[in-house]
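# Geometric and topological summary
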Amino acid sequence: MVEYSSPNTNKPLHLGHLRNNFLGWSISEIFSASGYNVHKVQIINDRGIHICKSMAAWKLFGNGETPQSSGLKGDHLVGKYYVKFDQVYKEQMASMDPKADPEKNAPIMKLASEMLIQWEAKDPETISLWKIMNGWVYEGFDKTYQRMGVDFEKLYYESNTYLLGKEEVLKGVESGVFFKKDDGSIWVDLTNDGLDQKVLLRSDGTSVYITQDIGTAILRFRDFPKISRQVYTVGNEQEYHFKVLFLILAKLGYSWAKECYHLSYGMVDLPTGKMKSREGTVVDADDLMQEMVNDFAEETKQRGKIEELSEAEQKELFEMGGIGALKYFLLKVDPKKRMLFDPVESIALQGHTAPFIQYTHARIRALIRKADTMQLDMGSLSISSLEPLERDVLLVITQYPQKLAEAAREYAPSVIANYAYDLAKGYNQFYQSIAIFTETDASKLKFRIAFSQVVADLLKKSMWLLGISVPEKM
């Protein structure tokens with residue numbers, strides 16, 4: 001089972017979510033290609049103080065605004081009020097006496113905290129607003145996932161799993177695994193494990209993130225008892241969180257805790273610096289995908305050679321190239337590494353990019369169409385009669401099973417991305433140096449056509465493991 005995406009329902013998906021989704025989806029496909037039965041899932045963080053912040057701001061300043069009345073995607077509209085909350089909260093704190101503990105007592109924060117308590121008490125008005133605003137967000141997320149090209153077998157919701165988590169925490173107090181402080185909050189002591197103490201339930205009885213994560217893990221192994229590995233695709237800033245989670249599950253007596261794995265990945269930076277969603281400076285996933293498609297379209301039009309494509313074919317090519325460039329750039333780097341995303345470099349036709357690999361595939365497909373009346377068999381050539389560049393590419397071809405196994409073992413789509421690049425680069429060196437249609441030896445001609453077909457098929461297969469389509473014409 002591979003978990004990825006797992007957003008909060010208080011803002012749109014952003015650049016970090018793109019790396020997360022592309023990584024989780026690709027790892028799922030790599031495991032599937034390796035012979036595993038894979039379940040793709042996500043946990044939707046649809047409750048908690050962050051969600052109540054957006055709700056509080058909309059309640060105070062929304063004036064009934066909806067996606068329909070504003071023309072905004074639902075997730076963008078709710079995100080707008082998350083940013084509004086932060087702006088008002090800072091203004092209120094700045095105007096308060098520091099002795100009054102402004103962080104907790106700023107009016108808008110008090111409202112959000114009260115809404116969380118009301119939500120857990122199932123207050124009808126609070127629940128109604130929560131359902132409406134989450135509904136807006138889900139509609140927005142669905143459109144974004146569709147364009148990303150990712151899918152899920154099953155969705156888990158924190159609003160359901162946190163209750164199971166609370167039950168487990170309360171049982172843990174009874175069994176002595178956890179302890180209760182004088183203020184009523186419940187904690188786990190992990191100091192003997194080299195960590196520290198961690199709160200599991202607040203003094204007011206409300207849950208924290210790890211509470212629902214406990215419930216979610218238990219529920220998943222109940223739903224799918226045969227899973228041999230539970231993979232959490234989450235950024236490396238949460239490494240401590242998952243160490244704590246897996247330790248807690250083990251202390252609760254769940255033997256499968258050792259089968260839980262945190263696929264930790266580095267953050268994505270831009271030339272403008274780190275993203276901060278509370279301040280509204282986050283790089284929106286929808287905007288970035290559209291910009292990539294627009295930029296790739298502009299680049300392609302400037303190069304020309306697309307006049308033979310219909311308008312629909314051009315649109316499909318621009319989408320394939322722009323989204324493919326984005327995916328490849330985010331996946332070609334080892335997941336563990338922090339990375340800098342360069343939109344300009346990502347759409348270059350030459351270099352370590354998706355467009356380079358896509359163009360190589362399109363070039364081969366054009367060659368195959370030209371040779372479509374010929375018999376595409378390997379001929380009767382011996383290895384000794386091959387050119388050195390042909391042997392070099394054949395060697396790369398034979399490495400595919402090994403690279404697939406390595407990618408699965410290391411949880412690294414970058415292995416496949418780099419393999420596809422090496423194959424495309426090797427083929428282009430062959431293509432530029434060795435004659436194909438001017439070859440007079442029929443056996444060599446047949447071999448090179450069939451050999452090219454094998455390369456094209458393998459490029460297509462490799463890129464698909466990254467969620468990237470390759471064009472027939474480019």
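Refer to the structure presented above.
These lines cover the structure that appears in this document, whether it is placed above or below. (Residues numbered from 1 in each chain as written. Predicted model: local features only at pLDDT ≥ 70, side-chain atom pairs only at ≥ 80, totals over all residues. Heavy atoms only, no water.)

### Quick look at the overall build of the chain
The secondary structure content of the chain amounts to 18 helices and ten strands. Within the chain, contacts between residues at least 6 apart in sequence are counted, and of these 75% link residues at least 24 apart. Split by element, the accessible area of the chain, about 21700 Å² in all, is 51% carbon and sulfur. In the chain, 57 side chains carry a positive charge and 63 a negative one; their mean positions are 2 Å apart. (Helix = DSSP H or I, 4+ residues; strand = E, 2+ residues; numbered from the N terminus. Contact = heavy atoms within 4.5 Å. Areas by Shrake-Rupley, 256 points an atom, 1.4 Å probe, with all protein chains shown as cover. Lys, Arg positive; Asp, Glu negative; His and termini not counted. Charge placed at Lys NZ, Arg CZ, Asp CG, Glu CD.)

### With respect to the side chain of Asp286
With respect to the element layout, Asp286 can be found in helix H11 (residues 285–303). Taking relative accessible area as the criterion, Asp286 reaches 15% and is therefore assigned buried. Not counting chain neighbours up to four residues away, the residues in contact with Asp286 comprise Lys73, Asp75, His76 and Thr144. (Buried < 20%, exposed > 50% of the residue type's maximum accessible area, 1.4 Å probe, protein only.)

### Focus on the pattern of salt bridges
Charged atoms that come close allow side chains of opposite charge to pair. Tallied over the full model, the rule gives 23 salt bridges. When the shortest N-O distance is used, the salt bridge between Arg448 and Glu390 registers 2.8 Å. With Arg448 in helix H18 (residues 442–465) and Glu390 in helix H15 (residues 388–398), this pair connects stretches of sequence that are 58 residues apart. Given a relative accessible area of 3%, Arg448 falls into the buried group. Arg409 is the partner of Glu410 in a salt bridge, and the nearest nitrogen-oxygen pair spans 3.7 Å. Of the residues examined, Arg409 reaches a relative accessible area of 55% and is grouped as exposed. Connected through salt bridges with shared partners, the residues Arg47, Glu120, Glu158 and Lys166 form a single ionic network. (Salt bridge = Lys/Arg side-chain N within 4 Å of Asp/Glu carboxyl O.)

### A short note on the packing of aromatic side chains
Per the stated rule, a full pass over the model turns up 25 aromatic pairs. A centroid spacing of 5.5 Å and a plane angle of 85° characterise the contact between Phe329 and Phe341, whose relative ring orientation is edge-to-face. Placement of Phe329 in helix H12 (residues 311–331) and of Phe341 in the loop between strand E10 (339–340) and helix H13 (343–346) is noted, with a sequence separation of twelve residues between them. A cation over a ring is seen here: Arg47 above Tyr162, with NZ or CZ 4.3 Å from the ring centre. Residue placement shows Lys327 over the ring face of Trp25; its charged tip is 6.0 Å from the ring centre. (Phe/Tyr/Trp six-rings, centres within 6.5 Å; stacked < 30°, edge-to-face > 60°. Lys NZ or Arg CZ within 6 Å of the ring centre and 35° of its normal.)

### Some points on the sheet that holds strand E1 (residues 2–3)
As summarised here, the arrangement of the five strands in space is E3-E2-E1-E7-E8, forming an open sheet in which the pairing is parallel. For this open sheet the edge positions go to strand E3 (154–157) and strand E8 (260–265), each flanked by a neighbour on one side alone. Relative to strand E2 (residues 40–44), E1 runs parallel, the two being bridged by two bridges. Counterpart to Val2 in the pairing with E2 is Lys40. (Pairing = 2+ DSSP bridges.)

### Topic: the packing of helix H2 (residues 49–61) against helix H6 (residues 107–120)
Between H2 and H6, the least distance of the axes is 8 Å, while the angle of their chain directions is 120°. With respect to H6, the axis of H2 lies oblique. Of the two elements, H2 crosses H6, and the hand of that crossing is right-handed. Contacts between H2 and H6 involve Ile49, Cys52, Lys53, Met55, Ala56, Lys59, Leu60 and Phe61 on the former and, on the latter, Ile108, Met109, Leu111, Ala112, Ser113, Met115 and Leu116. Split into classes, the residues belonging to the contact of H2 with H6 amount to twelve nonpolar, one polar and two charged. (Axes fitted to C-alpha atoms, helices over the stretch in contact; angles between N-to-C directions. Parallel < 35°, antiparallel > 145°, perpendicular 65-115°, else oblique. Left-handed = near helix turned anticlockwise from the far one by under 90°. Nonpolar A, V, L, I, M, F, W, Y, C, P; charged D, E, K, R; others polar.)

### Considerations on the sheet that holds strand E4 (residues 179–180)
Pairing is antiparallel across the open sheet formed by three strands, whose spatial order is E4-E5-E6. Edge strands, defined here as strands with exactly one partner in the open sheet, are E4 and strand E6 (197–201). Pairing of strand E5 (residues 186–189) with E6 involves four bridges; the strand directions are antiparallel. Each bridged residue has a counterpart across the sheet, and for Ile186 the counterpart in E6 is Leu201. Along the sheet, helix H8 (residues 158–175) makes contact with E5 and E6, crossing E6 at roughly 120°.

### Re unusual backbone geometry
The backbone of Ser5 sits at a positive phi, close to 70°, despite the residue not being glycine. Within the secondary structure layout, Ser5 lies in the loop between E1 and helix H1 (15–33). Even without being glycine, Lys122 reaches a positive phi, approximately 60°. Looking at Lys122, the relative accessible area reads 56%, which means it is exposed.

### A word on the pairing of strand E7 (residues 230–235)
Across the six residues that make up E7, a large majority, six, are buried. Side chains of E7 alternate between two faces, with Gln230, Tyr232 and Val234 and Val231, Thr233 and Gly235 buried alike. Here E1 runs beside E7; their pairing, made up of two bridges, is parallel. Considered in E7, the bridge of Glu3 is made with Tyr232. Bridging between E7 and E8 involves six bridges; their strand directions are parallel. The partner of Gly235 across the bridge, within E8, is Tyr265. In the classification by handedness, the crossover that spans E7, the intervening helix H10 (residues 239–251) and the parallel E8 is right-handed. (Right-handed = clockwise from strand over helix to strand, strands pointing away.)

### As for a negative patch on the surface
A cluster of acidic residues, Asp287, Glu291, Asp295 and Glu298, forms a negative patch at the surface. Structurally, Glu291 can be placed in helix H11. Accessibility expressed as a relative area gives 45% for Glu291, which makes it partly exposed. (Patch = residues over 30% accessible without salt bridge, like charges linked within 9 Å, V, L, I, M, F, W, Y side chains within 5 Å.)

### Re helix H14 (residues 354–370)
Along an α-helix, residues three or four apart share an orientation, since each turn contains 3.6 residues. Taking 1.5 Å per residue, 17 residues should reach 24 Å; H14 reaches 24 Å between its end C-alpha atoms and fits that length. Most of H14 is tucked away: twelve of the 17 residues are buried. All buried positions along H14 are accounted for by Ala354, Pro355, Phe356, Ile357, Gln358, Thr360, His361, Ala362, Ile364, Arg365, Leu367 and Ile368. Residues of H14 that are buried make contact with H11, H12, H13, helix H17 (413–433) and H18. The backbone nitrogen of Phe356 lies 3.3 Å from a side-chain oxygen of the residue at the head of H14, namely Thr353. (Expected span 1.5 Å × (residues − 1). Polar contact = N/O pair within 3.5 Å; in protein donor to acceptor, adjacent residues only side chain to side chain.)

Nothing here speaks to function; it is all geometry.
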